[in-house]
Amino acid sequence: MTTLNTDHVQNLIDRFRGEILLPGDTSYNEAREIWNGMFDRKPAIIARCISTSDVISAVNFARSHKLLIAVKGGGHNSAGNAVCDDGMMIDLSLMRRVNVDPQALTARVDGGALLGDADHETQLHGLALSGGIVSHTGVGGLTLGGGFGWISRSQGLSIDNLLSAEVVTANGDLLTASPSDNPDLFWGIRGGGGNFGIVTSFLFRCAPIGNDVYSGMIIKKFENAREYIQFHREYVRTLPDEMTVWMVIRHAPPLPFLSEEVHGKMVVAIPFVWLGDPDKGAELIKPIREATESHGEAIGMNPWVDWQAGFDALNDHGARNYWKSHHIKELSDECLDQILDFAGNMPSDACEVFIPHMEGAPSKVPADETAFAHRKTPFVLNIHTRWEAKSDDEKCIAWARKFHSSTEPYAEGVYVNFLSDEGSARVKDAYTKEVWDRLVQIKRTYDPGNLFRMNQNINPD
Ligand SMILES: Cc1cc2nc3c(=O)[nH]c(=O)nc-3n(C[C@H](O)[C@H](O)[C@H](O)COP(=O)(O)OP(=O)(O)OC[C@H]3O[C@@H](n4cnc5c(N)ncnc54)[C@H](O)[C@@H]3O)c2cc1C
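Residues numbered from 1 in each chain as written. Predicted model: local features only at pLDDT ≥ 70, side-chain atom pairs only at ≥ 80, totals over all residues. Heavy atoms only, no water.

### As for the nonpolar core
Argument step 1. In terms of nonpolar packing, the biggest core is built from 45 residues, with Val245, Ile249, Leu331, Ile339 and Val353 touching the most fellow members.
Argument step 2. For this core, the element with the most residues is helix 11 (residues 333–343), which contributes six residues.
Argument step 3. Other than its neighbours up to four places away in sequence, valine 245 contacts His232, Val236, Leu239, Ile270, Pro271, Phe272, Ile285, Ile288 and His357.
Argument step 4. If you look at the next biggest cluster of nonpolar residues, it comprises 40 residues, including Leu185, Val435, Ile442 and Tyr446. (Core = buried A, V, L, I, M, F, W, Y, C linked by side-chain atoms within 4.5 Å. Buried < 20%, exposed > 50% of the residue type's maximum accessible area, 1.4 Å probe, protein only. Helix = DSSP H or I, 4+ residues; strand = E, 2+ residues; numbered from the N terminus. Contact = heavy atoms within 4.5 Å.)

Okay, here's the thing in structure tokens:
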């Protein structure tokens, strides 16, 4: 473990408004925890920033002491990049302010805010950010990778609604990134992750969705999964962009609308959100309800904040997680064979196979508009491997890897935010060659020394 010069640390503490934590300090262990329980890393120093000036001080300190930097936004990324061994963890989790301008339909969101923070404030005005589906996910990491959720099919990805950002770069400068200020940086942070600096605040366009949305969940029998998915793969692609229907294959949680004997059984869960007239939504969802037999369903008007937190409990902090993912060109029968085979043999009851439908507004944005490259593929296949005991690591990871390679022939590209620690060659799969080359150029401009490398790294060399 690096031994830091105590005078230098004291200098940092003297000009810092947040907290500086060292091993042994009371909050040190709590601060280094992240969502994925697989990572028990111990930074030499944790800088819990509360302001842009703190972020600049932390970056300058880490650079001048040649410390590896790990930036923690929401700490949710399954690859564990929010915490490092030995270096400096720059923790943004105390920077969670969200300021909404209801006239301009915009929200300025701090770099460490969670999606739940954004929902809480924007919903005061009946507005929403296009973001993800678990309320304790960080807006920071999610947005820098792309960001999709229940309303992105009609509103675009989070990055498609990003108007500007404030970025602290590797040499400690504070830059605005927008279409008119540092447009290359603005292009890069929209899909290139945290490679170019630390975003202290984002300015988003919000969508006026109101406070309640027609939404729900239909639980299909796993016995008829093939028949259902053969219907689903065609039908969802005919739906208007305001309707988002996803698919999750997993063991049934103890949902109140399911009879007890279904709890823990393999099922195909079909959650959906419709932005529009509920009667029209009901009409569009009817064929799904009728497609194959269901165990149960709960459909109706739900407060947006409740819906957004509805999947939190299944994704709480601390469990061991290993994710594998790719975009799927076609849910062909052969691809389905693999999905059903592996899904039928999950190594733990907490695993799930998550298949969101992606087409819509994101696929209408030109491929070179942002660094989020794979906009055309209809589905994502996410293998969420989740378990409790360390002794199950090998079995669970092996299942995910085999499952993933079995579906490779049907895949094209990957979403950078769903990558585990899979090596530098795999990071390139998140981008096309043109996008990758441009990202490398931007990295050379803003971080030629690769100070920000604890991420899905774009190596400037
Ligand atoms: C349960 C769960 C559900 C998810 N659901 C969705 C979903 O619906 N849609 C979706 O698009 N994604 C989803 N994701 C993926 C999610 O987008 C990524 O895990 C994302 O990286 C999380 O961001 P974070 O800030 O919480 O993570 P962190 O682990 O804190 O950060 C992830 C990466 O981003 C960097 N970073 C974070 N904040 C900043 C910042 N302000 N400035 C610079 N760099 C920063 C970090 O250094 C790190 O490299 C989900 C993930 C989980 C675990």
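### Let's talk about the side chain of aspartate 54
Argument step 1. With respect to the helices, strands and loops of the structure, aspartate 54 is situated in helix 3 (residues 52–64).
Argument step 2. Although aspartate 54 is buried, it makes no salt bridge; arginine 17 carries the closest opposite charge, 6.3 Å away.
Argument step 3. Reaching out from aspartate 54, the side chain makes a polar contact with the backbone nitrogen of arginine 17 at a distance of 2.8 Å. (Lys, Arg positive; Asp, Glu negative; His and termini not counted. Salt bridge = Lys/Arg side-chain N within 4 Å of Asp/Glu carboxyl O. Polar contact = N/O pair within 3.5 Å; in protein donor to acceptor, adjacent residues only side chain to side chain.)

### Considerations on the packing of helix 11 against helix 13 (residues 393–406)
Argument step 1. Direction vectors running N to C along helix 11 and helix 13 enclose 165°, while the axes themselves pass 9 Å from each other. Taken together, the axis directions place helix 11 and helix 13 in an arrangement best described as roughly antiparallel. Judged by the twist between their axes, the crossing of helix 11 over helix 13 is right-handed. Counting all contacts with helix 11, which are made through Gln338, Ile339, Phe342 and Ala343, the residues of helix 13 involved are Trp399, Lys402, Phe403 and Ser406.
Argument step 2. Residue classes in the contact of helix 11 with helix 13 are distributed as five nonpolar, two polar and one charged. (Axes fitted to C-alpha atoms, helices over the stretch in contact; angles between N-to-C directions. Parallel < 35°, antiparallel > 145°, perpendicular 65-115°, else oblique. Left-handed = near helix turned anticlockwise from the far one by under 90°. Nonpolar A, V, L, I, M, F, W, Y, C, P; charged D, E, K, R; others polar.)

### Quick look at helix 15 (residues 433–446)
Argument step 1. Taking 1.5 Å as the rise per residue, helix 15 with 14 residues should run 20 Å; its terminal C-alpha atoms sit 20 Å apart, in good agreement.
Argument step 2. For helix 15, the full list of buried residues reads Val435, Trp436, Leu439, Val440, Ile442, Lys443 and Tyr446. Angularly, the buried residues of helix 15 cover 165° about the axis, an arc narrow enough to put them on a single face. Away from its buried face, by an angle of more than 90 degrees, helix 15 presents the exposed residues Lys433 and Glu434.
Argument step 3. Buried residues along helix 15 sit against strand 9 (174–177), helix 7 (183–189) and helix 14 (424–428). (Expected span 1.5 Å × (residues − 1). Arc of directions from axis to C-beta.)

### Side note on the environment of histidine 76
Argument step 1. Inspection of the secondary structure puts histidine 76 in the loop between strand 3 (69–72) and strand 4 (88–91).
Argument step 2. In this structure, the C-alpha to C-alpha distance between histidine 76 and tryptophan 35, residues 41 residues apart in sequence, is 4.9 Å.
Argument step 3. With near-sequence residues (within four places) excluded, histidine 76 lies in contact with Trp35, Val134, His136, Thr137, Gly138 and His317.

### Describing unusual backbone geometry
Peptide bonds are trans in most cases, and residues, glycine excluded, mostly fall at negative phi.
Argument step 1. A positive phi is found at leucine 105, a non-glycine position, where the angle reads about 55°.
Argument step 2. Its place among the elements puts leucine 105 in the loop between strand 5 (98–101) and strand 6 (106–110).
Argument step 3. Here asparagine 450, not a glycine, exhibits a phi torsion of approximately 55°, which is positive.
Argument step 4. Topologically, asparagine 450 is positioned in the segment after helix 15.
Argument step 5. Residue classification places asparagine 450 among the buried residues on the basis of a relative accessible area of 9%.

### Describing the site of the ligand
Argument step 1. Near the ligand, the surroundings consist of 34 residues, among which Gly73, Gly75, Asn77, Phe148 and Tyr415 are the closest.
Argument step 2. Contacts to the ligand include valine 71, whose backbone N or O atom sits 2.8 Å from an oxygen atom.
Argument step 3. Here an oxygen atom of the ligand sits 2.8 Å away from a polar atom, N or O, in the main chain of glycine 138.
Argument step 4. When contributions to the shell around the ligand are tallied by element, the ones reaching two or more residues are strand 3, helix 5 (139–145) and strand 10 (198–205).
Argument step 5. The element that contributes the greatest number of residues to the shell around the ligand is helix 5, accounting for four residues.
Argument step 6. Residue composition of the shell around the ligand, grouped by class: 15 nonpolar, 18 polar and one charged. (Near = heavy atom within 4 Å.)

### Considering the sheet that holds strand 4
Argument step 1. Strand order across the open sheet formed by four strands is 1-2-4-3, with mixed pairing between neighbours. Each having just a single partner strand, strand 1 (19–21) and strand 3 make up the two edges of the open sheet. Taken pair by pair, the neighbouring strands of this sheet meet at an average axis angle of 15°, ignoring direction.
Argument step 2. The pairing of strand 2 (residues 45–48) with strand 4 spans four bridges and is classified as parallel. Its bridge partner lying in strand 4, isoleucine 45 is registered against methionine 88.
Argument step 3. Where helix 3 meets the sheet, it contacts strand 2, strand 3 and strand 4, and its direction lies at approximately 170° from that of strand 4. (Pairing = 2+ DSSP bridges.)

### A short note on the domain arrangement of the protein
Argument step 1. By domain assignment, the protein separates into domain 1 (6–91), domain 2 (98–209 + 436–446) and domain 3 (212–418).
Argument step 2. Each of domain 1 and domain 3 has a C-alpha centre, and the two are 35 Å apart.
Argument step 3. For the pairing of domain 1 and domain 3, the buried interface totals around 840 Å² over both sides, and the portion due to carbon and sulfur atoms is 51%.
Argument step 4. Between the two partners, domain 1 and domain 3, sit zero salt bridges.
Argument step 5. At the surface where domain 1 touches domain 3, the tally comes to five residue pairs in polar contact (both at pLDDT 80 or more).
Argument step 6. For the side of domain 1 that touches domain 3, the per-class residue count stands at three nonpolar, five polar and no charged. (Domains from an automatic or database assignment. Buried area = accessible area lost by both parts, 1.4 Å probe.)

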